[in-house]
Amino acid sequence: MRLLIPLFSPTMGTWGGLTRVLAITEAARAAGHEVAFCASGYLETVLRQRGYTVYSVPATTMFGLPHSLSRLIERRSQQIAPPVKAGRSIGNFWFVLWLAGFARGQYLKRLVAAELKAVADFKPDALFTDLDPGAFLLRQITGLPMGCNYQDI
């Protein structure tokens, strides 16, 4: 079986569900299956360094801003403590998508287009994702079966 894994690749530097995805990836490879990823940014770099096949997707930016402004906000945000009291939430998944620039329609179009190219090249039998919003659209477009770490959107 060939498994394509589009990853949630936010710009702000989180491994998120990647550790669970890597465990699934290693189990699939040990069972003789082929695995490839769709990723951007630091996740793409790390996965390539570890010898995985990775299809590039468009990089995200904070709030969908130009890359240079996004990097400034990201660096600044890492220097201050979040104004959230212990035991309180800072928001939900939709807020994270907005913050990470995924909620922009043009970005989602470019993301899905890149993932469709990966499907055409890799020819997977199934999809798996940690939380990539493009993967859910990809599943609807291609009809490929998909599993995910988190609840379906």
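Residues numbered from 1 in each chain as written. Predicted model: local features only at pLDDT ≥ 70, side-chain atom pairs only at ≥ 80, totals over all residues. Heavy atoms only, no water.

1. Quick word on helix H6 (residues 133-142)
Thinking step 1. Taken residue by residue, H6 has Pro133, Gly134, Ala135, Phe136 and Leu138 as its buried positions.
Thinking step 2. Within two residues after H6, Gly143 carries a phi angle of roughly 75 degrees, on the positive side. (Buried < 20%, exposed > 50% of the residue type's maximum accessible area, 1.4 Å probe, protein only. Helix = DSSP H or I, 4+ residues; strand = E, 2+ residues; numbered from the N terminus.)

2. Brief notes about the packing of aromatic side chains
Thinking step 1. Evaluation of the coordinates by the stated rule reveals two aromatic pairs.
Thinking step 2. Each ring, one from Phe37 and one from Tyr52, has its centre 5.2 Å from the other, and the planes form 80 degrees; the classification is edge-to-face. Taken as a pair, Phe37 in strand E2 (residues 34-39) and Tyr52 in the loop between helix H2 (41-49) and strand E3 (53-56) lie far apart in primary sequence, 15 residues in all.
Thinking step 3. What makes Phe37 buried here is its relative accessible area of 0%. (Phe/Tyr/Trp six-rings, centres within 6.5 Å; stacked < 30°, edge-to-face > 60°.)

3. A word on the pairing of strand E1 (residues 2-6)
Side-chain positions along a regular strand alternate between the two faces of the sheet.
Thinking step 1. The buried count for E1 comes to four of five residues, which makes it a mostly enclosed element.
Thinking step 2. Note: E1 against E2, five bridges, orientation parallel. Pairing of Ile5 across the sheet is with Phe37, part of E2. (Pairing = 2+ DSSP bridges.)

4. Re the sheet that holds E3
Thinking step 1. Strand order in this open sheet of five strands is E3-E2-E1-E4-E5, and the pairing throughout is parallel. Of all strands in the sheet, those bounded by a partner on one side alone are E3 and strand E5 (146-148). Taken over all neighbouring pairs, the strand axes of this sheet differ in orientation by 25 degrees on average, direction set aside.
Thinking step 2. For E1 and strand E4 (residues 126-129), the ladder comprises two bridges, and the chain directions are parallel. (Axes fitted to C-alpha atoms, helices over the stretch in contact; angles between N-to-C directions.)

5. Re H2
Thinking step 1. Among the residues making up H2, those that are buried are Leu43, Glu44, Val46 and Leu47.
Thinking step 2. Where H2 is buried, its residues touch helix H1 (18-30), E2 and E3.
Thinking step 3. One or two positions beyond H2, positive phi appears at Gly51, with a value near 90 degrees. (Contact = heavy atoms within 4.5 Å.)

6. Details of the environment of Val21
Thinking step 1. Within the fold, Val21 resides in helix H1.
Thinking step 2. Along the backbone, Val21 and Cys148 are 127 residues apart, and their C-alpha atoms lie at a distance of 9.1 Å.

7. Topic: the nonpolar core
Thinking step 1. Ranked by size, the top nonpolar core spans 17 residues in total, and within it Leu4, Cys38, Tyr55 and Leu127 carry the most contacts.
Thinking step 2. Looking at this core, the elements with two or more residues in it are E2, helix H5 (105-122) and H6.
Thinking step 3. Among the elements that take part in this core, H5 stands out by supplying six residues, more than any other.
Thinking step 4. Not counting residues within four places of it along the chain, the set of residues in contact with Leu4 comprises Ala36, Phe37, Cys38, Tyr55, Glu115, Ala118, Val119, Phe122, Pro124, Ala126, Leu127 and Phe128. (Core = buried A, V, L, I, M, F, W, Y, C linked by side-chain atoms within 4.5 Å.)

8. Observations concerning the environment of Ile5
Thinking step 1. As for its placement among the helices and strands, Ile5 is situated in strand E1.
Thinking step 2. Under the relative-accessibility criterion, Ile5 is labelled buried at 0%.
Thinking step 3. A C-alpha to C-alpha distance of 8.1 Å links Ile5 and Asp130, two positions 125 residues apart in sequence.
Thinking step 4. Beyond its immediate stretch of four places on either side in the chain, Ile5 contacts Val21, Thr25, Val35, Ala36, Phe37, Cys38 and Phe128.

9. A look at the pairing of E3
Thinking step 1. One ladder, built from four bridges, connects E2 with E3; its direction is parallel. Looking at the pairing, Ala39 lines up with Ser56 of E3.
Thinking step 2. Following the backbone out of E2, through H2 and into the adjacent parallel E3, one traces a crossover that is right-handed. (Right-handed = clockwise from strand over helix to strand, strands pointing away.)

By themselves these figures say nothing about function.
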